[in-house]
Amino acid sequence: MKLLAFLFPYLPFVQVLACRSLLLLCLLSITIVASAQKGRYLQTINLGDKENTPFFATTHSLPGYILDGIKSEEITPYRVDYATKKAEPFTATEKESLLYQINASVEEWDHLSPRMLNNLDVDVTLKKGKATKIHYLNFHTVHFTDDATRLRGDRFKDYYFSVSFEQVAAYLEKQNALWVKNAGPLLWKNNMVHTYGQDAFSVVSSIVPQLEEHAMELHVALSLDEKGKIDKVGAYSWQHELVQEVTLPDSLYVEGEVLSMPEALVAGRYRASEQMALKTKLPEFKFTFERKLKQTSYVIMQTEKLYLDHPGNKVFLQPEQELSALLVEAASKGTVNKVYATDSLHAILSEATWNERLKVKEYDMFGDGYTLSEDNYLPQQLSVLHVTWKWEVDVAGNMISKTPYALGLYLHANSSPANIETLIGYLSYQELYQSAKASNGNKQLLTLLENLAGHNYTGYLSHTSEMIENTN
């Protein structure tokens, strides 16, 4: 050691210097990484990616909202060219062409649907890796045929069209557009399978591989544990026989969250497939989005399908006291004031249409038409019931309430020459219940309605709606 000290008298100083140099190198690396996340960027988003599902849902579709905003002239389409530093609104001719595509029938070759706008670049300013501003949403080129794109000429070199985030954010807020975490086929707080409008079996089988082999089994049912939480999912045959039951994996038990859609965009609640530093002199927008906090709750509609002839539903199909017969009687005799066309209970079904749907149809064997007989379908034939539940949840997905909302009466497929279940009409559960409760002559109907509210039945999950803001 003495020899080492004699030969290298400045070794401690060298060690200190080396340590300082290493520290400076680390700090420099951190600074370089931080600076790489500071400035203006183009982030490429594929809305078809699973992580981006909340922006591409059936009701809350970002491209859908934007196309509607362009139609209402609340959102202006731009031609953005970063190379020439230009962002110009569409000319009258260009806008007319775009509106033609938006309004075209779905059968027309150049119809522009929201599902076609699944790729976009977000023009964003980042600071320490977080977005401080969003400037433009640039939608990629849409090809209507293999070799041609309507509206795309020599001047359209980068994007199909672009929109300013300032206008988009204002329109999304006006429409109460929501970003719902787990808007895909996942469990919501262990209480609900959120199918966002799709068929429940296809959704559940896509996330539970064990069920995929039973693709022909059309029914899916959920079983609850002792705490009332979803525990297992089962696939059932047409004959209501259990084909397979699977315990759901813990990975699906996830927290829920609801944000406004512009808030979710600014917060970067999406997965970008690419990120490119943007060097352009195209001016940034000064607009900064600020969400005004609202004390609100949200609603999801969950629909279950009941076959009244199922062994577990015998109480609803007792002779002379069939639930289907009691519902027809309540509607036909004016116990309830209205019959509806859908479970939203908005569109009223006319009395003539209701009565016509109850008539037995005699189909022409050699044609597509049919004639109505004088007889109504028997209660045993109207043995399919859709029960729509109204779930109210808070911003974290916690359930506030769950109540029956609508009852849909359907003709069983076995009684239809086309072998399909046919809607007769929807009735309001609350109106039925209140009228039955007020009348001494409707005790049986009241009992059956209470059984439904207590979930004392065997039903299959059909679908759930999108989440919407509770306006009540």
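Computed from a prediction, not measured in an experiment: that's the story for all the values here.

A.B. asks: Please explain the overall build of the protein chain as it appears in this structure.
C.D. replies: Scanning the protein chain from terminus to terminus reveals 11 helices and 25 strands. Taking the intrachain contacts of the protein chain between residues at least 6 apart in sequence as the baseline, contacts between residues at least 24 apart amount to 65%. About 25,300 Å² of surface is accessible on the protein chain, with carbon and sulfur atoms providing 53% of the total.

A.B. asks: I would appreciate a short explanation of the sheet that holds strand β11 (residues 230-236) in the present structure.
C.D. replies: Pairing between sheet strands relies on hydrogen bonds along the backbone, with the strands arranged either parallel or antiparallel. Taken together, the three strands give an open sheet; going across it, the order is β10-β11-β12, and neighbouring strands pair in antiparallel fashion. This sheet does not close on itself; its edge strands, each paired only once, are β10 (219-224) and β12 (242-247). Between one strand axis and the next, the sheet turns through 25° on average, direction left out of account. In terms of strand pairing, β11 meets β12 through five bridges, oriented antiparallel. Note on β12: the bridge partner recorded for Gly234 is Glu245.

A.B. asks: Would you explain the pattern of salt bridges in this entry?
C.D. replies: When the charged atoms of two side chains with opposite charge come close together, those side chains can pair. Tallied over the full model, the rule gives nine salt bridges. Put simply, Glu73 and Lys95 hold a salt bridge, and the shortest N to O gap is 4.0 Å. One end of the pair, Glu73, is in the loop between α3 (62-71) and β2 (78-81); the other, Lys95, is in helix α4 (residues 92-103), with 22 residues separating them in the sequence. Residue class for Lys95 comes out partly exposed when judged on its relative accessible area of 23%.

A.B. asks: Can you walk me through the pairing of strand β1 (residues 39-46) in this structure?
C.D. replies: On any regular strand, side chains alternate: one points to one face of the sheet, the next to the other face. The buried fraction of β1 is high, at six of eight residues. Where β1 meets strand β4 (residues 119-127), eight bridges bridge the pair, whose relative direction is antiparallel. Each bridged residue has a counterpart across the sheet, and for Arg40 the counterpart in β4 is Thr125. Of the strand pairs in this sheet, β1 and strand β15 (residues 272-277) are connected by five bridges, and their pairing is antiparallel. Its bridge partner lying in β15, Leu42 is registered against Met276.

A.B. asks: Just checking my understanding: could you explain the side chain of Lys305 for this structure?
C.D. replies: Tracing the backbone through its elements, the reader meets Lys305 in strand β16 (residues 298-307). A polar atom in the side chain of Lys305 sits 3.3 Å from the side chain of Glu421. Excluding its chain neighbours within four sequence positions, the residues that come into contact with Lys305 are Val384, Leu385, His386, Glu421, Gly459 and Tyr460.

A.B. asks: What should I look at first to understand the confidence of the model for the protein chain in this one?
C.D. replies: Low-confidence regions, as indicated by low pLDDT, have predicted coordinates that should not be scrutinised in detail. Mean pLDDT over the protein chain: 81, with 81% of residues reaching 70 or higher. Here residues 21-36 scores under 50 on pLDDT; set against residues more than four positions off or in separate chains, the count is two contacts. Below a pLDDT of 50 lies the segment residues 146-157, which in the model reaches 27 contacts outside its immediate sequence neighbourhood of four places, other chains included.

A.B. asks: Explanation requested: the packing of α3 against α4 in the structure shown.
C.D. replies: Relative placement of two packed helices is described by the angle separating their axes and the distance separating the axes. Look at α3 against α4: their axes get within 10 Å of each other, and the N-to-C directions meet at 125°. As summarised for this structure, α3 and α4 are arranged oblique, according to the angle between their axes. The chirality of how α3 crosses α4 is left-handed. In contact with Leu67, Ile70 and Lys71 of α3, α4 contributes Leu98, Leu99, Ile102 and Asn103.

A.B. asks: Which parts of the structure should I look at to understand the packing of aromatic side chains?
C.D. replies: A ring pair, where both rings are aromatic, is described by two values, the distance of the centres and the angle of the planes. Counting across every chain of the model gives 11 aromatic pairs. Between the aromatic rings of Phe165 and Phe287, the centroid separation amounts to 6.2 Å while the plane-to-plane angle is 55°, which identifies the pairing as tilted. Of the two residues, Phe165 is situated in helix α5 (residues 165-174) and Phe287 in the loop between β15 and β16; the sequence distance between them amounts to 122 residues. For Phe165, a relative accessible area of 1% corresponds to the buried category. Overall, the relative accessible area of 23% leaves Phe287 in the partly exposed class. Ring geometry for Tyr236 against Tyr460: centres 5.5 Å apart, planes inclined by 50°, an arrangement best described as tilted. Placement of the pair is Tyr236 in strand β11 and Tyr460 in strand β24 (residues 460-464), with a sequence separation of 224 residues. Like Tyr236, the residue Tyr460 is buried in the burial classification. Chaining the aromatic ring pairs together yields one cluster made of Tyr78, Tyr136 and Phe285. The ring of Phe56 is capped by Arg115, whose NZ or CZ atom sits 3.9 Å from the centre of that ring.

A.B. asks: How should the side chain of Asn470 be read in this particular structure?
C.D. replies: Structurally, Asn470 is set in the segment after β25 (468-469). A polar atom in the side chain of Asn470 sits 3.1 Å from the side chain of Glu392. If near-sequence neighbours (up to four positions away) are discounted, Asn470 is found in contact with Thr296, Ser297, Tyr298, Val299, Lys390 and Glu392.

A.B. asks: What is the right way to read the nonpolar core from this model?
C.D. replies: Counting 42 residues, the largest nonpolar core has Trp354, Leu385, Leu407, Leu432, Leu449 and Leu452 as the members making the most contacts within it. Setting aside residues up to four positions removed in sequence, Leu449 forms contacts with Leu407, Tyr429, Leu432, Tyr433 and Ala436. Counting residues in each nonpolar core, the second largest holds 40 residues, with Phe90, Leu117, Tyr160 and Ala177 among its members.

A.B. asks: What's the story with α3 in this structure? I'm lost.
C.D. replies: An α-helix turns once per 3.6 residues; consequently, residues spaced three or four apart project the same way. Counting buried positions along α3 gives eight out of 10 residues, so the element sits mostly inside the fold. Buried within α3 are the following residues: Leu62, Pro63, Gly64, Tyr65, Ile66, Leu67, Gly69 and Ile70. Where α3 is buried, its residues touch α4, β5 (130-139), β6 (161-164), α5 and α7 (261-266). Glu73 occupies a position one or two residues after α3 and carries a positive phi of about 65°.

A.B. asks: Help me understand the environment of Gly39, please; the structure alone is not making it clear to me.
C.D. replies: Note on placement: Gly39 falls in strand β1. Taking the C-alpha atoms as reference points, Gly39 and Val124, 85 residues apart in sequence, are found 8.4 Å from one another. If sequence neighbours within four positions are ignored, Gly39 has contacts with Val124, Thr125 and Leu126.

Scoring rules and cut-offs
Residues numbered from 1 in each chain as written. Predicted model: local features only at pLDDT ≥ 70, side-chain atom pairs only at ≥ 80, totals over all residues. Heavy atoms only, no water. Helix = DSSP H or I, 4+ residues; strand = E, 2+ residues; numbered from the N terminus. Contact = heavy atoms within 4.5 Å. Areas by Shrake-Rupley, 256 points an atom, 1.4 Å probe, with all protein chains shown as cover. Pairing = 2+ DSSP bridges. Axes fitted to C-alpha atoms, helices over the stretch in contact; angles between N-to-C directions. Salt bridge = Lys/Arg side-chain N within 4 Å of Asp/Glu carboxyl O. Buried < 20%, exposed > 50% of the residue type's maximum accessible area, 1.4 Å probe, protein only. Polar contact = N/O pair within 3.5 Å; in protein donor to acceptor, adjacent residues only side chain to side chain. pLDDT = per-residue confidence, 0-100. Parallel < 35°, antiparallel > 145°, perpendicular 65-115°, else oblique. Left-handed = near helix turned anticlockwise from the far one by under 90°. Phe/Tyr/Trp six-rings, centres within 6.5 Å; stacked < 30°, edge-to-face > 60°. Lys NZ or Arg CZ within 6 Å of the ring centre and 35° of its normal. Core = buried A, V, L, I, M, F, W, Y, C linked by side-chain atoms within 4.5 Å.

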